[in-house]
Structures are given as structure tokens and as C-alpha cells.
Amino acid sequence: MSALPLHRRHGVRLSFRYLIAALLVVIFCFPVYWLFIISFKTPDEIFAFPPVWYPESIQFSNYKVLFKDGDAATVGNSLILASVSTFFAMIFGTIAAYSLVRFKTGGENLAVWIISQRMMPPVAIVFPIFLLYVWLGWVDSYFGLIILYTAFSLPYVIWMMRGYIEDIPLELEESALVDGCTRWEVLWKVVLPMARSGLFATAVFTFIFAWNDFLFALVLTRTEVTTYTVQVTHYFGGQSNFWAKIAAMSVLGTIPVFFTVAVMQRYLVRGISMGAVKG
Amino acid sequence: MSDLKITNLHKHYGAFHAVKGIDLDVPSGEFTVLVGPSGCGKSTLLRTIAGLEETSSGSIEIGGKDVTWARPRDRDIAMVFQNYALYPYLNVKDNIAFGLRARKFAEAEVEKRVARAAEMLGIGHLLTRFPRELSGGQRQRVAIGRAIVRDAILYLFDEPLSNLDAQLRDDMRVEIKRLHKELKRTMIYVTHDQIEAMTLADRIVLLRDGLIEQQGTPLDLFERPKTRFVAGFLGSPKMNFVPATLTAAGVKLADGTALELPGRSGLKAGQAVMLGLRPQHIAMAGTHLAKGHVRVPVVIELVQPTGSRVQATMPLGGTSIIAELGAHDVSRPGEKAEIDIDMTRAVLIDTTSDKII
Amino acid sequence: MRAYHEQTMPATAVHPDRNFKYWLLAPAIFLLLLIGLFPLIYSLVVSFMRIDMMDTDTSFAWFYNYKNLFKDGRLWWSLAHTLLITAIALPLELLLGLAMAYLFLEKMPGRQIFISLLVLPTIISPIVAGATWRLLFDNKYGPINQILSWFAGERVNALWTINPTLVYPAIIFCEIWQWTPFMFLILLAALSNVDKSQTEAAEIDGARFLRTFRYIVLPAIWPVMAIAILIRGLDLFRIFDIIWALTQGGPGTKTETISIYAYTQGFKQFETSYTAAIAFLVVFILTVICTWAIRRMGLAK
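The residue numbers shown here count from 1 along each chain, following its written sequence. Note on labels: chains are lettered from A, ligands numbered from 1, in written order. This being a predicted model, a pLDDT of at least 70 is required before a residue's local features are given, and a value of 80 or more before pairs of side-chain atoms are given or counted; all residues contribute to the totals for chains, interfaces and linings. Note that water and hydrogens are dropped before the side-chain values are worked out from all heavy atoms of the structure.

By definition in these notes, contact holds between two residues if any of their heavy atoms fall within 4.5 Å. Between chain A and chain C, the contact holds 94 residues from the first and 92 residues from the second. Summed over both partners, the accessible area lost on bringing two parts together, with a 1.4 Å probe, is the buried area. With both sides pooled, the region where chain A packs onto chain C buries about 8300 Å², and carbon together with sulfur makes up 79% of that total. Interface area lost by chain A to chain C is led by Arg17, Phe28 and Trp184 of chain A, which between them contribute 10%. The working definition used for a salt bridge is a side-chain nitrogen of Lys or Arg within 4 Å of a carboxyl oxygen of Asp or Glu. Run the count over chain A and chain C and you get 2 salt bridges.

Further remarks concern the sheet that holds strand 4 (residues 57-62) of chain B. All names here are of chain B. Here a strand pair is declared whenever DSSP counts at least two bridges between the two strands. The helix count covers DSSP runs of H or I at least four residues long, the strand count covers runs of E at least two residues long, and both are numbered beginning at the N terminus. Pairing is antiparallel in the open sheet, where 4 strands are placed in the order 2-1-4-5. Looking at the sheet topology across the chains shown, the edges are occupied by strand 2 (16-27) and strand 5 (65-66). For strand 1 (residues 2-13) and strand 4, the ladder comprises 5 bridges, and the chain directions are antiparallel. Considered in strand 4, the bridge of isoleucine 6 is made with isoleucine 60. Across the sheet, helix 1 (residues 42-50) lies against strand 1, strand 2 and strand 4, angled at about 115° from strand 1, the strand it touches most. As a rule, the C-alpha atoms of each element are fitted with a line to give its axis, helices using only the stretch in contact, and angles between N-to-C directions run from 0 to 180 degrees.

This next bit is on the domain arrangement of chain B. All names here are of chain B. In this entry, domain limits derive from an automatic or database-based domain assignment. Partitioning chain B into domains gives domain 1 (2-233) and domain 2 (257-350). Measuring from the centre of the C-alpha atoms in domain 1 to the corresponding centre in domain 2 gives 38 Å. Each partner contributes residues to the interface: domain 1 has 4 residues there, and domain 2 has 4 residues. Carbon and sulfur atoms supply 58% of the area that domain 1 and domain 2 bury against each other, a total of about 490 Å² over both sides. When the buried surface of domain 1 facing domain 2 is broken down by residue, Phe222, Arg228 and Ala231 rank first, second and third, together holding 80% of it. If you look at where domain 1 meets domain 2, you find 0 salt bridges. Whenever a nitrogen or oxygen atom comes within 3.5 Å of another N or O atom, the pair is scored as a polar contact, on the condition that within protein one atom can donate a hydrogen and the other can accept it, and that pairs from neighbouring residues in sequence are kept only if both atoms are in side chains. Where domain 1 meets domain 2, there are 1 residue pair in polar contact (both at pLDDT 80 or more). For the side of domain 1 that touches domain 2, the elements supplying multiple residues, two or more each, are helix 7 (218-223) and helix 8 (228-233). Taken together, the residues of the side of domain 1 that touches domain 2 break down into 2 nonpolar, no polar and 2 charged. Under the scheme applied, nonpolar residues are Ala, Val, Leu, Ile, Met, Phe, Trp, Tyr, Cys and Pro; charged residues are Asp, Glu, Lys and Arg; polar residues are all the others, including Gly.

A separate point is the environment of aspartate 71 of chain A. Residues and elements named next belong to chain A. Tracing the chain through its elements places aspartate 71 in the loop between helix 3 (61-69) and helix 4 (73-102). Remark: exposure states derive from per-residue accessible area (1.4 Å probe, protein chains only) relative to the maximum for the residue type, with buried under 20%, exposed over 50%, and partly exposed in between. Overall, the relative accessible area of 14% leaves aspartate 71 in the buried class. Along the backbone, aspartate 71 and methionine 249 are 178 residues apart, and their C-alpha atoms lie at a distance of 8.2 Å. Look past the residues within four positions of aspartate 71 in its chain and what remains in contact with it is Leu66, Gln231, Tyr235, Lys245 and Met249.

With that out of the way, let us pick up the pattern of salt bridges. Residues and elements named next belong to chain B. All told, the structure shown has 36 salt bridges over all chains when counted by the stated rule. Ionic pairing is found between lysine 112 and glutamate 109, a salt bridge with its closest N-O pair at 3.6 Å. In this pair, lysine 112 and glutamate 109 are both assigned in helix 3 (residues 107-121), 3 residues apart and thus about one turn of the helix distant. Classification of lysine 112 as exposed rests on a relative accessible area of 53%. Note on glutamate 109: relative accessible area 26%, which makes it partly exposed. Residue aspartate 220 is joined to arginine 224 by a salt bridge in which the shortest nitrogen-to-oxygen separation is 3.0 Å. Each member of the salt-bridge network shares a partner with another, and the members are Glu109, Lys112, Arg113, Asp151 and Arg185.

Written out as C-alpha cells, the structure reads:
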């Protein structure tokens, strides 16, 4: 026990917490800072020894190159693939979850089978999927990757939405049925609005999964629908990396997720804690 | 003409037989109350009428149309739910308008009807509020409003007052009764509260174990119950049951007290029965003994004042009975007193069949 | 769909919405069968054949490939590498995440800003995380060696992604950096839901922090923590992106994980049937681990 009075001890503790917190922020944010800063550096600054900790001036030539060469379009590809697949995964996943919750379709077994699909390692199925896609002619097409991402997100969407839908009072749906809604209208006018925050949170995570994907994109794209994750790795070299391009491309690819998360933050926090509590 | 006709309705949940063959006819404009203890099947029956539960066998006709296999929306019904079922993301006005909009009413008509319903229920000033900003009573009014804006043949109420506190419940009961008088619609109301049933109903349907035990006007059931269950279920405080044996002139209680039963004939002497006495039919001994009454000396065990009346517990024939006496008739336990029992209103129950003799 | 809900009442005794629940499930099930089950069955069949770059022989060789799995030293090493990374990174992420969650459990001004900043690494794509650390770890122009030089007082020229003794720390550092915030967020949510009156009562009774944690906090957060461990464990087991960006399995095959190895076999050596067999080995191992973990952690509900 310290001899300090209680409020002093409290103050000391609080400053200590701030100190640690600041240290953590520095450690966890420094790599991100470094990535950003490189993307704004001139080649001289990038390949300076000792390293330049902050550039003299912010210049955008690294980004201009990406746009001029058309490399930046890969971010657009990622955007299309991730948003369209999220859209479909949310629709199909939510209605499937509704069926599982409200009508106990397939019982517990079906639900367990669906979640077990989430445990499937991508590397175990990427190869047969590649062969399937070659056969179907879906390689390097938006359609093929959208289907793939949609299907891959479904177990997660179904699992999360199940929890949110379970919390909707049955009476609300029954009241709508009596009031003149069809089953589809009940879904549209009652279930979706009631599960709104869950829908947003789940959609953000689904989007990020698809956005982050590298392995499927690496295997299933060639030139037409290259995603930004694959594009970043094109700049890796054995000894000399295209540092400026890696950094600028990475920043371009991080900004959309960054904004999505920032805008949706209040849903995400609730989503995580609810998802976590309900499992 | 009857608005609802149910024929031999059964409902199974797996192995559980919830409704065991019910026939019911509800005439147009009548206020029918389905009442019974929990688990008697009254809610299941209502939900089957609404189409929220599938019928296992039997048929349901609403407004002369067979709707046994119809969707809820095709049954021309409106329903008020126990937990109000208000949409939290819609304001009061949109909540009330929900059913009309779902049925594609013109917006002008929606406005008109919502305004009229809101006025009728005194919630006109709440239309722009959201459900979370309302009190329990206000929510219930909105829920009722949502039902009455519709032109349904049948209005269903599933224990709508059970979540309100006692004072509000009394107010809302009056309100619902007034609405029925004004709207003159056919209403079916489920409750487990026998007071609600007695005060609201044109007709009570008393259910027990998935079957109709007895139906009729509230007074009919109260005064002429057909079984011990009906006699015991209706009335507050509950009817007293005293074991007795029939004699030529009346009954003999377990402790030998003989009570005369006027105007009864053909009683089988020696038969074991239950003597049913309503607390209201027992009074303090008056200056003279009225016709058909018997006078019995008792010792008051317990006194529970309710304000205008007092409920006194006392032993009679080996069991405790409750009598509802005047507020100043007795003051403390242990008092010796004489009571007059109105034997013309007493009921006799066959102990083997539980039927009223 | 339109015809479905506008159909008129059937006279037959069939509930009109009877098939509704199947309609709802149909698209999801179709996609899961197409992308989940079909490839699995397909690759099972292929794994019994002997298809490779040279040979498209589709006759059945049955367990030929599976027998070869046992003789394949590189495969078992890749499995060992995977387990090594998982065994080190997972506990570290968990402990660090827990400590951070405790640090931010009590309210303090600016707490939300700190949390938002700390979550930054998790929202970055793993491949970008790997690329970022590739830049940070650069022996000459990267800041890590520079910072180390300050402490060492002389120039440090560590070859993080090449030196066999340094690659694992490099990979694990990157992995922990990216995923500790994830653990932190989930555990913070779980800890915030622990009934405060219970922990306070224990503190008033003079219980030490560890005792309170062991007997009150841990049981309360366990369901959430177990799921977080399971999710992270599965992700670590199939780790690919970060290693691909940092080392591509090198130097040599020193950091080859099971995912990297399967990828190399399938898409660089074109050992079609053999890769399918490896995939099945992975599925088998994961199924065993998951079943065991779910039972062991008491998650079966």
C-alpha cells in the first residue's frame, strides 16, 4: 500500500494508463504511418540512409504513376467485387438465417453444417474451384469471383444474422401477417428494419473479408479483374522492391475500408459486442 | 348470422394435444371472451383462428367463408397482441397506418382513418412520437388503434391488458367495452383474468384442457355453472367447497352440522357431495332469518378488509371458508359470530363426476 | 416469386406458405453446394487419381497420393512450421489483447480515440500488412534496423526476411501486430459485460487480482474468449497472405506453411492429384482439431 492519499494514487494510476496507451498507439500505428509516409516520398527520400522519418514535402507523383498506368483501376475491381458480393451475401444469407430461425428449417444439423463451411481452409478448396472455373470459363471474370466471395461469406452472414433475427419478437411479425403482409413483405417491412444495426455490422465485415482476399484472387484472376491485393504483390522484387508503388497501392487499397469502418463505427462496436456475447 | 364458425377443431403440437375438438359459433357483433387457466388452449385457439397456427383438423369459417387453410392476411381479421407488437422504427401514426398501407389503401383514406381512430382513443397528440416514448397504457391504445382502423370482420385480442398495472387495466377495460359499443364489431378476447371476462363479455367461453367446459352469458355461468371447475373459476373471492353428505332434507357436513336445502327434490340420501357456497351468499346473522337461509355459529379466524367489504375466514364443517361481509361486521380474529347462509344459491357437486347436481 | 405470393387460395388442405422456408434457403444452399461441397467431392475424386503436369491419366490409383503424403518430408515440415507459428502467435495475441482490454476497461477521457487508433492494423488487408512489414524490415532503408542501431550504439544490419533465425520473429511480429487488436476488441466487449458487482464484491473481500480473474472474470468471458481463440486458431492454421508478402516461404522452404506448400504444389508444380490429397489432409486435421476444441472448450450447445 502506498502512503499517498487515495485521489493522488488515482491520478498516478491514470497517468500511467495514459502513458501505456500512448506507447501502444505509437507501436501499433507506426507501421501505418510509415506506409503512408513512403507513399508521399520521393525516390531519394525512400532510398536514403539513414531513413527519412518524415518527408520534406508531400508529393503525389507515386499516386499519379498508378493512375497513369491504370494500376489504380485494380482498386475499382476490388470495390466492385467486394460490394456486389457483399450485397448478394447479405440478401441470401439473411433470408436463409430467417428460415433457420423462424421455421427451424433443417433443424440444428443444417445450421451446424453451414457454420462448418466457415472452417474450410481456402487452400483446400481453391484448387478444385480453379479446375471447376477453368471448365466453366469463369476464370478472370467478375461473375466468377462474385459468386465465390458470396458463397464464402454466406456461413458468416447466416451465423451472425441468426443471432440478430432471434432477438426480433415474434409478435411483430405475426402482427404484420394479420395486418395484411405476405411472408416476403414481413421480411422486408419488419425483419430487415428490426435487424438494421446487425445488417450494417455484418455487411461491413463481409465487405472486408472479400476486400482482403488474396489467395482466390491470385489463383482466379489474370489481367481483367486483378484485385488490388494481387496488384500490390506485383511490385515485389527479389532484391529491389518498387517501394513507392507498394506503398501508394496499399494506401489506395486501405482508404475505402478505412472510410467504411469510420462511417459505420457505431454499428460495428455494437455488432462486435453482440456477436461476441451471443457467439 | 355468425361471423365465426368453428367445427370440430383440433390442434396438435407434436405429441401435445392443445385443442381437442372445439365447436364454436360467434354471432355478428358479439363480444366473446375465451377464458381459462394457463395451458387450457385459449391462446392456441385464438391463434388458430388468426391463422398464425396451422389447423390440425376441423374447419374455421369467418364471415361465411372457409378460411381453414387461408393465410392470416386473407382472413379479414385484426388482432391486438399481448406485448403491443408496435414497430419501434415507426412513429405512432405509421404504426396505426401499417395495416392500411399493407392493404394498399389510398393515402387520403389512410389519413382520415388514422385521425378518426386516434381521436376515438384519445392519442391524437401522440401521432409523431415513437413507441419507446410512450407509456404502457399509451402503447396499448396505439396497438388497439392499429386494429380498429381496419374494417375487419373479426377483431381478436390476445390478453391485451396483462402487461398493464392494475389501475390502467381497469381504465383500458372500460375503454375496450366503450369501443365495442361504438363500433358494434365482432370481437374475440382472450384472457386468464375472470374479472375481465365477467365485465367485458356478452358471452364467456370457458376452456379447460383444450375443450369448452361451458359457454354462456357471464351471469349464466356465474349463477348456473355446470361443473365444479366453472363454479370455482368464476367469482372473486372463489367459491367455497365444503365436503358433505346428502340427507333427505339437505346436507350433513363432516362435523355433523345439518343444513337444510329448500326446494330440492329427488336427492339421493347418503351420496357424497361438495357443497358450493359463494362468499357473497354468506352474511352476518340478521334480525330475522330470511327464507331459505340457515344460521350457523362460527369463530372468525382471519379478517382481510378490502375497503368496502371484508373477507373473513372461518371454519365450517371441517374446512375453512371465506365469507364476504360488511366492512364493519367483524373487527378481529377470534370473535364468535353467527352467519346466515343463502342455501337457495348453494350448489351441489357430484364428487365422482364433478358435475353440478 | 410474384406468381408465388399472388396465387389464389387452394381448395386443397395445404398451407399456402408451406414452401416459403425452402425458398428462403434455396439460394444459400445452392451456392454453398456449388462452392463448398462440390469442389470438395471433386477434389476427393481427383485425389484418388494420378493427374499432374505431364500426365492426365484419369484412372484410379486410389491411395497412391495418400501414401506419398507420409513420405513427403517437406509436407510435414510445412505442417510443423504452421503449428510453430500458431503456438507462438496465438497465446501472445491472447495475452496482449487481454492486457490491453484491461488497460481500457475503466473509462478515461479519450478512450474511444485510443481504441479507434489501436484497431487500425486489423482493418488493413493481411497482404498489405505483410507488404508494410516488408518495408519496415528492409535491412538498409527500413526503420526497424535503424531503431535497433540507436539502442545497440552501432549499425545493425539484420536481414529479417532472409536470415533463418530472424524470419520467424519477423513473421510472428507482423502477425501479432495485425491481430492483437482483434483479440483486444472482442475481449474488451466481453470484459465490459462482466457483472461489476461480482468483481467489486470479490475485491472488497480482499481477493487478489489473479484469484478474481480465475474464479469470476474468466468463467464469465470464457464463451467469448473460446470462440475468439477458435477463430484465430483456424486463421493461423491457414496463414498465407502475410508469409507470401514477407518471405514467400523462404529462405528456401524455411517458412513454408501448409497453405504455401499446397499452393506451390498445385500452381507451381501442377501436381493436381497430390495437391488434392494435401487439401484432404488439411480438412481432416482441421475437422479433428475443431471437434476436439469445441468439445474441450464446452462450446457444444
